Structure formats: structure tokens, C-alpha cells
Amino acid sequence: MNIAILGAGAMGSLYASYLAPFHSVTLFDSCAPLVEHINAKGLIKVNHDHTEIPLKAKAALSGTSLGYQDLVIVFVKGIHTYEAMKNNQSLLGPDTIVMTLQNGAGNNRDIAQFVPRERIIVGTSSHNSVYLETGKFYHSGCGPTNIGPDLPCESSLRDVKKAAQALEESGLTVNIMDNIQYVLWQKLVINCGINALSTLMQCRIGEIYTNPYLWDLCKRIVYECVLIAEADGTYLDRKEALLAVSKVCENDSSGFASMYQDRQNKRLTEIDRINGVVANLGSEYKIPAPCNTMLVTQIHAIEQMYSRQ
Ligand SMILES: NC(=O)C1=CN([C@@H]2O[C@H](COP(=O)(O)OP(=O)(O)OC[C@H]3O[C@@H](n4cnc5c(N)ncnc54)[C@H](OP(=O)(O)O)[C@@H]3O)[C@@H](O)[C@H]2O)C=CC1
Ligand SMILES: CC(C)(CO)C(=O)C(=O)O
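Since we're looking at a predicted model, the values are computed, not measured.

Parameters and conventions
Residues numbered from 1 in each chain as written. Chains lettered and ligands numbered in written order. Predicted model: local features only at pLDDT ≥ 70, side-chain atom pairs only at ≥ 80, totals over all residues. Heavy atoms only, no water. 1 Å grid on protein atoms, 1.4 Å probe; cavity = no way out; pocket = protein on both sides within 12 Å on 5 of 7 lines; lining within 4 Å. Points joined across faces, edges and corners; volume = space filled by probe spheres on them. Nonpolar A, V, L, I, M, F, W, Y, C, P; charged D, E, K, R; others polar. Near = heavy atom within 4 Å. Polar contact = N/O pair within 3.5 Å; in protein donor to acceptor, adjacent residues only side chain to side chain. Areas by Shrake-Rupley, 256 points an atom, 1.4 Å probe, with all protein chains shown as cover. Helix = DSSP H or I, 4+ residues; strand = E, 2+ residues; numbered from the N terminus. Axes fitted to C-alpha atoms, helices over the stretch in contact; angles between N-to-C directions. Parallel < 35°, antiparallel > 145°, perpendicular 65-115°, else oblique. Left-handed = near helix turned anticlockwise from the far one by under 90°. Contact = heavy atoms within 4.5 Å. Pairing = 2+ DSSP bridges. Expected span 1.5 Å × (residues − 1). Bend = angle between axes of the 7 residues up to and from the residue. Buried < 20%, exposed > 50% of the residue type's maximum accessible area, 1.4 Å probe, protein only.

Visitor: Before we go on, may I ask you to explain empty space enclosed by the protein in this structure?
Guide: Where empty space is left can be seen by rolling a probe of water-molecule size over the atoms. Following the criterion strictly, the structure yields 1 cavity of 30 Å³ or more and no others. Size it by volume and the largest cavity reaches roughly 30 Å³. Looking at side-chain class alone, the lining of the largest cavity contains 5 nonpolar, 1 polar and 1 charged residues.

If you want it as C-alpha cells, here you go:
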């Protein structure tokens, strides 16, 4: 398959490391020195046991015309989805499938401005990847990629199977989910519970669970999310939701949440698409969401301070 990955950061590089040996993969990024580095030196994947695996990879500057792709995987941060899709429209032919495994809500809507919804695959990735330096990333947590159609129909289900096969051939574990909206909510709750808190505390993912004070805060955030998810039409059992968060904390314990990596690099975060979405739905459904609302304000305050740190 011809596969384009938009965003050559932590996750784009990780998925390229699986896919590139089996498919024709190009990483598209807006950072010219990163593109040059990948083309000249490839990528380095650091495993859990600290072994370093060098990998060959191909990269292109975002906006480069490389012809229609079979599959485009979007791995930019949510705040850049619209711009990345707009700049790379030349990759989208009449049969191109676009898949988002990004966190947060709203990426499918941005993508749908450029591709019919029937050709959009939505999903979640249970991997954790930490960007260490140009072209080098730490694969701190492994897990399945869960996918489903954005708009279920005969052709979209065929596309989901095609994409799943391409990923599975490359060694990724893929689950095709009937209840993808439930899965997306479950991941949103996990991100609400972990990302902002670990960004504020500047801690590794595992500490959210092992520090009793952080775990108490995390519980309050998750319980708010569960009530709001139910009001929005998706029932999540609160004990199961919390268990899912604790499992991620254990699985990715030595890693850093993507939002904390944004703070470390003084980049704007996805807070409005994660806790912000829950806080807004809370006001819409008249369900109080003080913890999620507070996190949104705190993370924005940190973003404001980047220029003076
Ligand atoms: N890291 C993780 O463990 C996980 C992350 N996710 C999700 O995956 C998505 C990607 O995260 P992650 O890989 O960590 O993010 P990164 O910030 O590491 O990577 C994103 C890359 O996209 C680049 N970029 C920005 N704008 C554009 C554009 N218009 N065109 C092409 N490239 C662009 C960025 O460049 P620049 O830095 O110059 O802006 C950066 O190199 C997010 O939604 C995240 O929440 C999901 C599961 C786990
Ligand atoms: C679940 C978690 C925290 C693990 O990678 C994640 O999705 C992120 O870092 O954004």
C-alpha cells in the first residue's frame, strides 16, 4: 500500500516504524530540518529495555505532491488536523482512505471537510511514544489499535478491513470495533484522567496511579466524565472506566503523556479537544464538571506562560 502519515512526531514515527518495512510509507511533517534528518539518517526507536533500533524511513515536507495515496494516517495534534489535511489534499484521490488515531474529539469533523465521511476511519491507539530528540523516540507502551468507520456503510466497512489488514501485516494488533463510539468515549475518558494531570504535575504516566493524591484527583475527573458521557448517550461503567485508566497507567508507566510532551516543548496542547470537550458538554447537559473545567483553565494558564519561562 502507498501510505502517507501526517505528522512525523512521536506517534507518526512509531507507526512508520511498523509499516515502512512492509509498505511504501512517507512521513509528512511541517518541520523541514526533521524531514531532512529522517531522509538522511532514518529514525531510531528506543525499546523498553533501552535497546536502540535504527530504521530507514522516507519523509516529505507537508504539502509536497506525491500523488494519490491508498491510506493517509493523521498523527498531527488535533489543533493542526485541519491545516495538515488542507495542505496535503493532493494526496487524496477518489479511493483514498483517511484514518485518525488521534486523541480528543473533533478530528473526524476536520477531516470530513476534505474527504467524504464514508472514507474516514476513526479509532484509538493504545501505544505510548515519547519523542526524545530529532528522529528518535521511546516506545514506552504497547497495545492494540482499535478502529471502526466514521459513517458505517458497506464501502466504509470494506475500507476498515483493508486498513486493518495493512496494519496487521506490519505487526500491529488491530481490533475492528462494532461499537467504535463507545471506544472513542472510553479513550477520551482515559485522556481526560491522565493527560492534563500529568502535564500539571510534570510526572510520568505511572505516577498518576501510584501517588494516592493524584489517583484521588484522577478518580474525580473520571467520574465527571462518566456522568457526562451517559448524558451524551454513551454509558460507561464508572468502575470499568477507572480500571481502564489504571491499566494505561501501569502499561505506560515509564512514559510521558503527549500533553506533557507539549508542555516540555512549549507547544499548544490538545486540552480544548480533551477535557475542554467534556467541560462544554457538561454545561450543555447541565452536569457540573468543576475538575475538567479547572484543568482546562490551568493548562491554558501554563500555555500563556511559555513565553516567559
Ligand atoms: N504520544 C503518545 O503516546 C500518544 C499520542 N496520541 C495522539 O496522537 C496524535 C499525535 O501525537 P504525537 O505524535 O505525540 O504528537 P507530536 O507533537 O510528537 O507529533 C506531531 C507532529 O506533527 C507536526 N505537524 C504540526 N503541524 C503539521 C502539519 N500541518 N503538517 C504536518 N505535520 C505537522 C509537528 O510538528 P511541530 O512539532 O513543528 O508542530 C510534529 O512533528 C495526538 O492527537 C495525540 O494525542 C495518541 C496516543 C498516544
Ligand atoms: C493514554 C496516553 C496517556 C498514553 O499514551 C495517551 O494517549 C497520550 O499520551 O496522549
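Visitor: Teacher, can you tell me more about the site of ligand 2 here?
Guide: Around ligand 2, 13 residues are found, and the nearest of them are Asn103, Asn128, Asn191, Asn195 and Ser258. Contact between ligand 2 and asparagine 128: an oxygen atom at 2.7 Å from a side-chain N or O atom of the residue. One of the side-chain nitrogen or oxygen atoms of asparagine 191 is found 3.0 Å away from an oxygen atom of ligand 2. Starting from 280 Å² of accessible surface for ligand 2 in isolation, the protein chains cover 94%. The biggest single contributor to the shell around ligand 2 is helix α6 (residues 180-201), with 5 residues. For the shell around ligand 2, the residue count by class is 5 nonpolar, 6 polar and 2 charged.

Visitor: Can you help me understand the layout of surface pockets in this one?
Guide: Of the pockets and cavities examined, the second largest pocket occupies roughly 460 Å³. If you trace the second largest pocket, you find 23 residues lining it, with Gly104, Ala105, Gly106, Gln181 and Leu184 closest to the centre. At the level of elements, α4 (107-111), β8 (120-125), α6 and α11 (275-285) are the ones that each hand at least two residues to the lining of the second largest pocket. For the lining of the second largest pocket, the element with the highest residue contribution is α6, accounting for 6 residues.

Visitor: Please clarify how the site of ligand 1 should be interpreted in this entry.
Guide: Taken together, 25 residues surround ligand 1, and among them Met11, Asp29, Asn103, Asn128 and Glu270 come closest. Here a nitrogen atom of ligand 1 and a side-chain polar atom of serine 62 are 3.1 Å apart. With respect to ligand 1, the side chain of asparagine 128 contributes an N or O atom lying 2.8 Å from an oxygen atom. The protein chains hide 90% of the 890 Å² of surface that ligand 1 would expose on its own. At the level of secondary structure, the elements contributing two or more residues to the shell around ligand 1 comprise α1 (10-19), β2 (24-29), α3 (81-87), β9 (128-133) and α10 (258-264). Taken together, the residues of the shell around ligand 1 sort by class into 6 nonpolar, 13 polar and 6 charged.

Visitor: Any chance you could explain the packing of α11 against helix α12 (residues 290-305) here in plain terms?
Guide: Here α11 crosses α12 at 135 degrees, and the two axes come no closer than 8 Å. Our classification of the angle between α11 and α12 gives oblique. Seen along the crossing, α11 lies across α12 with a hand that is left-handed. Contact residues: Asn275, Gly276, Val278 and Ala279 in α11; Asn292, Thr293, Leu295 and Val296 in α12.

Visitor: Got a minute to help me understand the environment of tyrosine 213 in this structure?
Guide: Within the secondary structure, tyrosine 213 is located in helix α8 (residues 212-231). In the structure, tyrosine 213 is positioned 65 residues away from valine 278 in sequence and 22 Å away in space, judged by C-alpha atoms.

Visitor: Please explain the sheet that holds β8 as it appears in this structure.
Guide: Sheets are built from strands that pair by backbone hydrogen bonding, the pairs being arranged parallel or antiparallel. Taking strand neighbours across the sheet as the criterion, the 8 strands line up as β5-β2-β1-β6-β7-β8-β11-β12 in an open arrangement whose pairing is mixed. Edge positions in the sheet fall to β5 (58-61) and β12 (174-176), since each of these pairs with one other strand and no more. Neighbouring strand axes in the sheet, compared pairwise and without regard to direction, differ in orientation by 25 degrees on average. Relative to strand β6 (residues 71-74), strand β1 (residues 2-6) runs parallel, the two being bridged by 4 bridges. Across the sheet, leucine 6 pairs through a bridge with valine 74, a residue of β6.

Visitor: So what exactly am I meant to see when it comes to α6 here?
Guide: Since the α-helix packs 3.6 residues into each turn, any two residues three or four apart lie on the same face. Spanning 22 residues, α6 covers 31 Å between terminal C-alpha atoms, matching the ideal 32 Å at 1.5 Å per step. Along α6, the largest kink reaches about 30 degrees and is centred on asparagine 191. The element α6 is largely enclosed, with a buried count of 16 among its 22 residues.

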